[in-house]
Protein chains: 2
Amino acid sequence: MEKIAILRWESGHVPQGLMQLEQLPGNSTNPASYPFPVKLVEVKGANTDTVILHPSQKLLEDMIQLAKELEKEGVRAITTSCGFNAIFQEALANAVKIPVFTSSLLQVPFAQALVGRDRAVGVITASASSLSEKHLRACGITDEMHPIVMGLENAPEWSKIFDHPDDSFDMDLVTEEILNVARQGVKDHPEIGAIVLECTDLPPFARRIREELDIPVFDFNSMIGHVAMALSLVKLY
Amino acid sequence: MEKIAILRWESGHVPQGLMQLEQLPGNSTNPASYPFPVKLVEVKGANTDTVILHPSQKLLEDMIQLAKELEKEGVRAITTSCGFNAIFQEALANAVKIPVFTSSLLQVPFAQALVGRDRAVGVITASASSLSEKHLRACGITDEMHPIVMGLENAPEWSKIFDHPDDSFDMDLVTEEILNVARQGVKDHPEIGAIVLECTDLPPFARRIREELDIPVFDFNSMIGHVAMALSLVKLY
């Protein structure tokens, strides 16, 4: 029995570029990313529009139904394949008795405590314009925490997922765009002491960001790993 | 170069029982607990009295000095071998540019978000009577989070660390006491949806608590593992 379920977008509705990124180890919907079995569960109606651009109440209700079924089946924890599900964190966590961690943003309060009040947490997101205060609040991020949000949506190759979802990524280009957003963010905001990658497609790039910028980077992978340790699915010793 | 430094108590001032627990893999001051090199750093003057019973300002100043030296040496993150150092979290994190995570209690906000507002996080601590609101606040634990704090100090074998620090533990007895506090806590408070072990000597018992009570357990080990992932010292894939 897989202990952690990952709620993912409806197949056929995932932008082509993200399908390419899914092939990389470390991507949230690539089973090779995990040293433990995960249950990938498709959510009908979940896509860029209903999760990121216009969070849908109907979708939330369907996800709650699914979460309850997964709990009944014996799943031990539930997560999701898109950090924008942050907006559904409270409702989903309240609906079941097993832990629910919808978004990598849940790591921001921890990262903020670690860097102290004079420094800031940088957040790299698929779309800064869609990341609202409501998402941040739902993940325990308070006014005092002042994360520096850095969006990818102005990067032309990356923005295909919103504007031309059937187009393929030039992987070298998109890689360079992701690294550039991190580089520019730390340059513009030298007070950044740690980075949290909101987007579940970014963990494959985390190591390069860490090593190049000499900064701790928390991502979906470090979050699911944290929970996996709490469930004895991964151990250090 | 070891990337994570662990500030530990002055040798000769660690209660005998805790010295025995240190032999167990998973204990915070046992290098065998980690699949990466750690730098164990003794802090002169750090002991049960100056950290747990009467947190000392002089000790904090010495720890700040040490943290600055470790940062200069190239250490990438700093933690400590006692969860009661929570009280020093803000001052230590503000003193250096590298991340500082003093206490396993820093995981409580994350655990609380995961279990939702109708459920609670249980905290098992070496001494509930010494764990103040100030410790909780320093770790980002707000009024709304209402953790259930369960102390070990009334368990006779465990309390030797305070009352008879030169006495040895009967290891079977102390193990049973630790498990009993967890069992009783979950029985008295069925709303507990996850447990956080404050005490850095408890990770060797985490797996049994998880398996017997069927509950996620976060501990010092899951916390240092989380940070180690953010630093690329441990990876899942």
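About the criteria used
Residues numbered from 1 in each chain as written. Chains lettered and ligands numbered in written order. Predicted model: local features only at pLDDT ≥ 70, side-chain atom pairs only at ≥ 80, totals over all residues. Heavy atoms only, no water. UniProt positions renumbered as here; feature names shortened; annotations may be inferred. Contact = heavy atoms within 4.5 Å. Buried area = accessible area lost by both parts, 1.4 Å probe. Salt bridge = Lys/Arg side-chain N within 4 Å of Asp/Glu carboxyl O. Polar contact = N/O pair within 3.5 Å; in protein donor to acceptor, adjacent residues only side chain to side chain. Helix = DSSP H or I, 4+ residues; strand = E, 2+ residues; numbered from the N terminus. Nonpolar A, V, L, I, M, F, W, Y, C, P; charged D, E, K, R; others polar. Domains from an automatic or database assignment. Axes fitted to C-alpha atoms, helices over the stretch in contact; angles between N-to-C directions. Parallel < 35°, antiparallel > 145°, perpendicular 65-115°, else oblique. Left-handed = near helix turned anticlockwise from the far one by under 90°. Buried < 20%, exposed > 50% of the residue type's maximum accessible area, 1.4 Å probe, protein only. Pairing = 2+ DSSP bridges. Least-squares fit on C-alpha atoms with pLDDT ≥ 70 in both. Right-handed = clockwise from strand over helix to strand, strands pointing away. Phe/Tyr/Trp six-rings, centres within 6.5 Å; stacked < 30°, edge-to-face > 60°.

By the naming in an unreviewed UniProt entry, chain A is Aspartate/glutamate racemase family protein, taken from Vescimonas coprocola. According to its UniProt record, chain A has this under Sequence similarities (unreviewed entry): "Belongs to the HyuE racemase family."

Caption draft 1: How the structure looks around the interface of chain B and chain A. Contact residues are listed per partner, giving 50 residues for chain B and 50 residues for chain A. Between chain B and chain A, a total of about 4,200 Å² is buried, with carbon and sulfur atoms accounting for 59% of that surface. Contact with chain A buries surface across chain B, with B:His226, B:Leu236 and B:Tyr237 losing the most and accounting together for 18% of the total. The interface formed by chain B and chain A holds 2 salt bridges in total. We note a salt bridge from A:Arg76 to B:Asp214, for which the minimum N-O separation is 3.5 Å. Summed over the shared surface of chain B and chain A, the result is 20 residue pairs in polar contact (both at pLDDT 80 or more). Only α4 (89-95), β4 (100-101), α5 (108-115), α9 (203-213), β8 (217-218) and α10 (220-230) of chain B provide two or more residues apiece to the side of chain B that touches chain A. In terms of residue count, the dominant contributor to the side of chain B that touches chain A is α10(B) (9 residues). A breakdown of the residues in the side of chain B that touches chain A according to their chemical character gives 30 nonpolar, 11 polar and 9 charged.

Caption draft 2: Highlighting the domain arrangement of chain A. All names here are of chain A. Its domain assignment divides chain A into domain 1 (4-103 + 223-230) and domain 2 (104-219). For domain 1 versus domain 2, the distance between C-alpha centres works out to 19 Å. Tallying the contact residues gives 27 residues for domain 1 and 31 residues for domain 2. For the pair domain 1 and domain 2, the two sides together bury roughly 2,400 Å², of which 66% comes from carbon and sulfur. Seen at the junction of domain 1 and domain 2, the total is 0 salt bridges. Put simply, the parts of the chain that give the side of domain 1 that touches domain 2 at least two residues each are α1 (16-21), α2 (48-53) and α4 (89-95). With 5 residues, the single largest contributor to the side of domain 1 that touches domain 2 is α1. Here the side of domain 1 that touches domain 2 is built from residues that sort into 13 nonpolar, 13 polar and 1 charged.

Caption draft 3: How the structure looks around the packing of helix α8 (residues 171-188) of chain B against α9(B). All names here are of chain B. For the pair α8 and α9, interaxial distance at closest approach is 11 Å and the crossing angle is 40 degrees. In this view, α8 runs oblique relative to α9, as classed from their interaxial angle. The two elements α8 and α9 cross, and the hand of that crossing is right-handed. Along the contact surface, α8 presents Thr175, Ile178, Leu179, Ala182, Arg183 and Val186, while α9 presents Phe205, Arg208, Ile209, Glu212 and Leu213. Looking at the contact of α8 with α9 residue by residue, the class counts come to 7 nonpolar, 1 polar and 3 charged.

Caption draft 4: Quick peek at helix α10 (residues 220-230) of chain A. Residue and element names in this part refer to chain A. α10 sits mainly inside the fold: 11 of its 11 residues count as buried. Buried within α10 we find Phe220, Asn221, Ser222, Met223, Ile224, Gly225, His226, Val227, Ala228, Met229 and Ala230. Where α10 starts, the residue carrying a side-chain oxygen 3.0 Å from the main-chain nitrogen of Asn221 turns out to be Asp219. Just beyond α10, the residue with positive phi is Ser232, at close to 65 degrees.

Caption draft 5: The arrangement of the sheet that holds strand β3 (residues 77-80) of chain A in detail. All names here are of chain A. If you trace the 4 strands from one edge of the open sheet to the other, you get β2-β1-β3-β4, paired in parallel fashion. The sheet is open, and its two borders are formed by β2 (38-43) and β4 (100-101), each paired with just one other strand. Here strand β1 (residues 4-9) runs beside β2; their pairing, made up of 6 bridges, is parallel. Paired with Ala5 across the two strands is Lys39, which belongs to β2.

Caption draft 6: Local environment of the relation of the copies chain B and chain A. Overlay of chain B on chain A (RMSD 0.0 Å): rotation 180 degrees, translation along the axis 0.0 Å. Classification of the inter-copy transformation places it as that of a two-fold axis. Within chain B, B:His226 has its C-alpha nearest the rotation axis, a separation of 2.7 Å.

Caption draft 7: Molecular detail of the pairing of strand β5 (residues 120-125) of chain B. All names here are of chain B. β5 sits mainly inside the fold: 6 of its 6 residues count as buried. Residues Ala120, Gly122 and Ile124 of β5 are buried on one face, and the alternating residues Val121, Val123 and Thr125, pointing to the opposite face, are buried as well. Two strands pair when backbone bridges link them, and β5 and strand β7 (residues 192-197) are joined in this way by 5 bridges, in the parallel orientation. Within β7, the position partnered with Val123 by the bridge is Val196. In this fold, β5 hands off to helix α6 (residues 133-138), which returns the chain to strand β6 (residues 148-151); that crossover is right-handed.

Caption draft 8: Expanded view of the environment of A:Glu71. Residues and elements named next belong to chain A. For Glu71, the location among the structural elements is in helix α3 (residues 57-73). Once the C-alpha coordinates of Glu71 and Phe218 are considered, the two residues, 147 residues apart in sequence, prove to be 27 Å apart. Leaving out residues up to four positions away in the same chain, Glu71 has contacts with Val96, Lys97 and Ile98.

Caption draft 9: Examining the packing of α10(A) against α10(B) more closely. The interhelical angle for the contact between α10(A) and α10(B), taken along N-to-C directions, is 160 degrees, at an axis separation of 9 Å. As the angle between them shows, α10(A) and α10(B) are arranged roughly antiparallel. Crossing hand, α10(A) versus α10(B): right-handed. Contact residues: A:Asn221, A:Ser222, A:Met223, A:Gly225, A:His226 and A:Met229 in α10(A); B:Asn221, B:Ser222, B:Met223, B:Gly225, B:His226 and B:Met229 in α10(B). Here the residues of the contact of α10(A) with α10(B) sort into 4 nonpolar, 8 polar and no charged.

Caption draft 10: Molecular detail of the packing of aromatic side chains. Counted under the stated rule, the structure contains 6 aromatic pairs over all chains. The interplanar angle of 85 degrees and the centroid separation of 6.1 Å between the aromatic rings of A:Phe110 and A:Phe218 together place this pair among those described as edge-to-face. Highlighted residues: A:Phe110 in helix α5 (residues 108-115) and A:Phe218 in strand β8 (residues 217-218), separated in sequence by 108 residues. The exposure classification of A:Phe110 matches that of A:Phe218, with both residues buried. Pairing B:Trp158 with B:Phe169 gives two aromatic rings, centres 6.0 Å apart and planes at 25 degrees, and the pair type is stacked. Here B:Phe169 lies in the loop between α7 (160-163) and α8 and B:Trp158 lies in the loop between β6 and α7, a separation of 11 residues in the sequence. The class of B:Trp158 is buried, set by a relative accessible area of 0%.

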